[in-house]
Amino acid sequence: MTLSMTYTSLGLLLMFGLLKTTEGKKDKMLYCSACMAIADELNYSISQTDPKKTIHVGGFRLKPDGSLSDKKVPFARSETHLTELLEGVCNSMTDYALYEDPDTKEKSYKRFAPRSSGGGDFPDFNNFKFDGPEGSNSLKFACETVVEELEDDIISLFARESDHVAEKLCGEISGHCKGIQAQRSEL
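Residues numbered from 1 in each chain as written. Predicted model: local features only at pLDDT ≥ 70, side-chain atom pairs only at ≥ 80, totals over all residues. Heavy atoms only, no water.

Draft legend 1. Region of interest: the packing of aromatic side chains. This structure, assessed with the given rule, holds 7 aromatic pairs. Between Phe-112 and Phe-128, the ring centres sit 6.3 Å apart and the planes meet at 70°, which makes this aromatic pair edge-to-face. Remark: Phe-128 occurs in strand S5 (residues 128–129) and Phe-112 occurs in the loop between strand S4 (107–111) and S5; sequence separation between them is 16 residues. Of the two residues examined, Phe-112 and Phe-128, each falls in the buried class. Ring geometry for Phe-112 and Phe-130: centres 5.0 Å apart, planes at 90°, overall edge-to-face. Of this pair, Phe-112 sits in the loop between S4 and S5 while Phe-130 sits in the loop between S5 and helix H4 (133–160), and the two are 18 residues apart along the sequence. (Phe/Tyr/Trp six-rings, centres within 6.5 Å; stacked < 30°, edge-to-face > 60°. Helix = DSSP H or I, 4+ residues; strand = E, 2+ residues; numbered from the N terminus. Buried < 20%, exposed > 50% of the residue type's maximum accessible area, 1.4 Å probe, protein only.)

Draft legend 2. Seen up close, the nonpolar core. If you look at the biggest cluster of nonpolar residues, it comprises 36 residues, and the most contacted ones within it are Leu-42, Cys-143, Ile-154, Phe-158 and Leu-169. Breaking this core down by element, the ones donating at least two residues are helix H2 (28–47), helix H3 (79–88), strand S3 (96–100), H4 and helix H5 (165–173). Not counting chain neighbours up to four residues away, the residues in contact with Leu-169 comprise Cys-35, Leu-150, Ile-154, Leu-157, Phe-158, Ser-174 and Gly-175. (Core = buried A, V, L, I, M, F, W, Y, C linked by side-chain atoms within 4.5 Å. Contact = heavy atoms within 4.5 Å.)

Draft legend 3. Inspection of H5 at higher detail. For H5, the complete set of buried residues consists of Val-165, Ala-166, Leu-169, Cys-170 and Gly-171. On its buried side, H5 packs onto H2 and H4. Positive phi shows up at Gly-175, right after H5, with a value of about 75°.

Draft legend 4. Quick look at the environment of Gly-132. Assignment of secondary structure puts Gly-132 in the loop between S5 and H4. You can call Gly-132 partly exposed: its relative accessible area is 41%. Taking the C-alpha atoms as reference points, Gly-132 and Ala-97, 35 residues apart in sequence, are found 9.0 Å from one another.

Draft legend 5. Representation of the packing of H2 against H5. Closest axis-to-axis distance for the H2/H5 pair is 9 Å, and the angle between their directions is 150°. Put simply, H2 runs roughly antiparallel to H5. Crossing hand, H2 versus H5: right-handed. Taking contact as the criterion, the partners of Cys-35, Met-36, Ala-39 and Asn-43 in H2 are, on H5, Val-165, Ala-166, Leu-169 and Cys-170. Within the contact of H2 with H5, the residues separate by chemical class into 7 nonpolar, 1 polar and no charged. (Axes fitted to C-alpha atoms, helices over the stretch in contact; angles between N-to-C directions. Parallel < 35°, antiparallel > 145°, perpendicular 65-115°, else oblique. Left-handed = near helix turned anticlockwise from the far one by under 90°. Nonpolar A, V, L, I, M, F, W, Y, C, P; charged D, E, K, R; others polar.)

In structure tokens, the structure reads:
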């Protein structure tokens, strides 16, 4: 009986040890690309929103003098609009594919599909590696993971800032692009 308990406990220790060592490491390039794509897609969506459009925010409670304590803010960078954009941002990951820089051989996911319905603006497809749905599925999963982990940070960053948000989000806040040269060109 003691021998079987020893083997059982040894087996459990071995199994837990293997589980610990096989924990998946995040693919740094994949998560950096997903983070940069999120920033790019949000920036584009914000730029397409009418800058004159506003939304009322506040508690809609009455002050002691009988007036309401609400204010108007630009809709494009409102928490409501940003939350709505975040809900669908990962669906656009199918417009991205693995890109290998011909000079540096550095790999990252970049947008290959033009945003306008009129076509045009097509990149050079020679350096793109189309993996089929598996490639965009892994980028979409990474995107969903980043959004889930950083939703509040993303919303607060985009609500208050418009300059260098990709570098701040992906380099400073999430750390997904630390050690990887920040992609400064449009994805």
